[in-house]
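The lines below spell out each chain.
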Amino acid sequence: MEWKKLKNLIILILLMVNGFLLVLVGARREGAVRYERAALEQTVWVLEKNGIEVDLSAVTDGAGLSAMTVERDLEREAGLVGVLLSEEVQGENRGGGLYLYRGVLGEVSVRAGGELSVEFAKDKHWESGLPEQHAASLLKKLGVEAEQTGVTEEDGRTAVRFRQRWNGAAVFSCEVELVYREGRLETLQGTLLMAEGGTAEAGQVLSLPTALMRFSEEIASTGDVCSAICSMEAGYRGTAQSLSGGTRLTPVWLVSTNTAGYYLDCVTGALTRVSDQ
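Below is a short write-up of the structure. Throughout, residues of each chain are indexed from 1 in the direction in which the sequence is written. The predicted origin of the model limits local features to residues at a pLDDT of at least 70 and limits the giving and counting of side-chain atom pairs to 80 or more, whereas totals for whole chains, interfaces and linings rest on all residues. Side-chain metrics in this entry use all non-hydrogen atoms of the structure; hydrogen atoms and water are not considered.

1. Focus on the overall build of the protein
In step 1: Secondary structure elements are taken from DSSP: a helix is a run of H or I of four residues or more, a strand is a run of E of two residues or more, and numbering for both begins at the N terminus. A tally of regular secondary structure across the protein gives four helices and 15 strands.
In step 2: Relative accessibility thresholds used throughout: buried, under 20% of the residue-type maximum; exposed, over 50%; partly exposed, between the two (1.4 Å probe, protein chains only). Residues classed as buried in the protein amount to 40% of the 277 residues present.
In step 3: Any two residues whose heavy atoms approach within 4.5 Å are treated as being in contact. Residue pairs at least 24 apart in sequence account for 53% of intrachain contacts in the protein once pairs closer than 6 positions are excluded.
In step 4: Note that accessible areas follow from Shrake-Rupley with a 1.4 Å probe, and for residues the cover is restricted to the protein chains shown. Looking at the protein as shown, the accessible area adds up to about 15,400 Å², and 52% of this sits on carbon and sulfur atoms.

This is the structure we're talking about:
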């Protein structure tokens, strides 16, 4: 047999083998998905039998999340504040993890853990007829990924609220409110992580069926009562680790029920009321 024909035959055989393996992997993956879905539906059935309804359309998986530590980067922080105030600024260490930044366009204070307070100067630079778009643009300048969670308008005052996202996941403890009065930005208050990257920790997150069962068990042990899980969103909850500014991001589900809100730890299954934070 000529080498050319032999080579084509080998290539054809390899393509057939690869195709077979691809079909096999796809079948196994489809089987795994069906199994997981069946387990989830069975768990929901069990919870409903115990008096707790679950809206699966409002439940997200925690797969891919892991606990991590994010260290404060003062150089990056000063740079981002400088971008916000349109000039180079230097942080003044006030002690206890508090740094103060001043500029012609405003004053910014940042504490360990990302607690942020901004007083904007009475300048035309902060005037805008579109507060929501203006607020989103400012957060983008700070290098912050965020989603708008609400807006309130009353007596010429407009308050726009945002929640930060980290690698695409919500950070429930990092929220800010930007207040405009008569079309001019006055203040920004809340908590933001302005660091970049982080150190991931080892740990396997719970599957959704296991998480739902743990929630049911924990609710029963606390004596709380609920009859419906309205939503269950996977994300992070941040905790300041030290005055140096390190923050630990813990993967959690924010569980909203018909009676209260809870954080369910994605790794340990520990349950905490949102109001207890």
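Now that the structure has been shown, we can carry on.
2. Focus on the nonpolar core
In step 1: What is meant by a nonpolar core is a set of buried Ala, Val, Leu, Ile, Met, Phe, Trp, Tyr and Cys residues, joined one to another through side-chain atoms within 4.5 Å. Of all hydrophobic cores here, the largest spans 35 residues; its most connected members are Phe215, Met232 and Trp253.
In step 2: Breaking this core down by element, the ones donating at least two residues are α1 (3-49), β2 (68-70), β9 (169-181), α4 (208-222), β12 (228-240), β13 (247-257) and β14 (261-265).
In step 3: Per element, the largest residue contribution to this core is five residues, and it comes from α4.
In step 4: Core analysis: the next-biggest nonpolar cluster, separate from the first, contains 29 residues, Val118, Val160, Phe162 and Leu185 among them.

3. Points about the pattern of salt bridges
In step 1: Salt bridge, as used here, is a side-chain nitrogen of Lys or Arg placed within 4 Å of a carboxyl oxygen of Asp or Glu. For the structure shown, the criterion picks out 14 salt bridges.
In step 2: In this structure, arginine 72 and glutamate 77 form a salt bridge, with 2.9 Å as the shortest nitrogen-oxygen distance.
In step 3: By relative accessible area, arginine 72 is classed as buried at 15%.
In step 4: A relative accessible area of 4% means that glutamate 77 is categorised as buried.
In step 5: Notably, a salt bridge pairs arginine 181 with glutamate 186, separated by 3.5 Å at the nearest N-O pair.
In step 6: When its relative accessible area of 35% is taken as the criterion, arginine 181 is described as partly exposed.
In step 7: Judged by its relative accessible area of 22%, glutamate 186 falls in the partly exposed class.
In step 8: Through salt bridges with shared partners, a single ionic network connects Glu92, Arg94, Arg102 and Glu107.

4. Some words on the side chain of serine 66
In step 1: Locating serine 66 in the fold gives a position in the loop between β1 (53-54) and β2.
In step 2: Given a relative accessible area of 17%, serine 66 falls into the buried group.
In step 3: If near-sequence neighbours (up to four positions away) are discounted, serine 66 is found in contact with Ala200, Glu201, Tyr236, Leu249 and Pro251.

5. Here's the deal with the pairing of β13
In step 1: Across the eleven residues of β13, nine count as buried, placing the element largely inside the fold.
In step 2: Two strands qualify as a pair provided that DSSP identifies no fewer than 2 bridges between them. As defined by bridge partners, β2 adjoins β13 across three bridges and the pair is classed as antiparallel. Within β13, the residue paired with valine 70 across the bridge is threonine 247.
In step 3: As paired elements, β12 and β13 share eleven bridges and run antiparallel to each other. Within the sheet, the bridge partner assigned to glutamate 233 lies in β13 and is leucine 254.
In step 4: Pairing analysis gives five bridges linking β13 to β14, with the strands arranged antiparallel.

6. Some remarks on helix α3 (residues 131-141)
In step 1: Looking only at α3, the buried set comprises Pro131, His134, Ala135, Leu138 and Leu139. The arc that holds every buried residue of α3, seen down its axis, measures 135 degrees, which confines them to one face.
In step 2: On its buried face, α3 sits against α2 (74-85), β7 (146-154), β8 (157-166), β9 and β10 (184-191).
In step 3: Following α3 by one or two positions, glycine 143 adopts a phi angle in the positive range, close to 75 degrees. What the arc describes is the spread of directions from the helix axis to the C-beta atoms.

7. Observations regarding the pairing of β10
In step 1: Counting buried residues in β10 gives six out of eight residues, a clear majority hidden from the surface.
In step 2: Two strands pair when backbone bridges link them, and strand β6 (residues 115-120) and β10 are joined in this way by five bridges, in the antiparallel orientation. Residue pairing in the sheet places glutamate 115 in a bridge with threonine 191 of β10.
In step 3: Note that β9 and β10 share six bridges and pair antiparallel. Bridge assignment links arginine 181 to a residue of β10, and that residue is arginine 184.
In step 4: Between the antiparallel neighbours β9 and β10 lie two residues, among them glutamate 182 with a positive phi of about 55 degrees.

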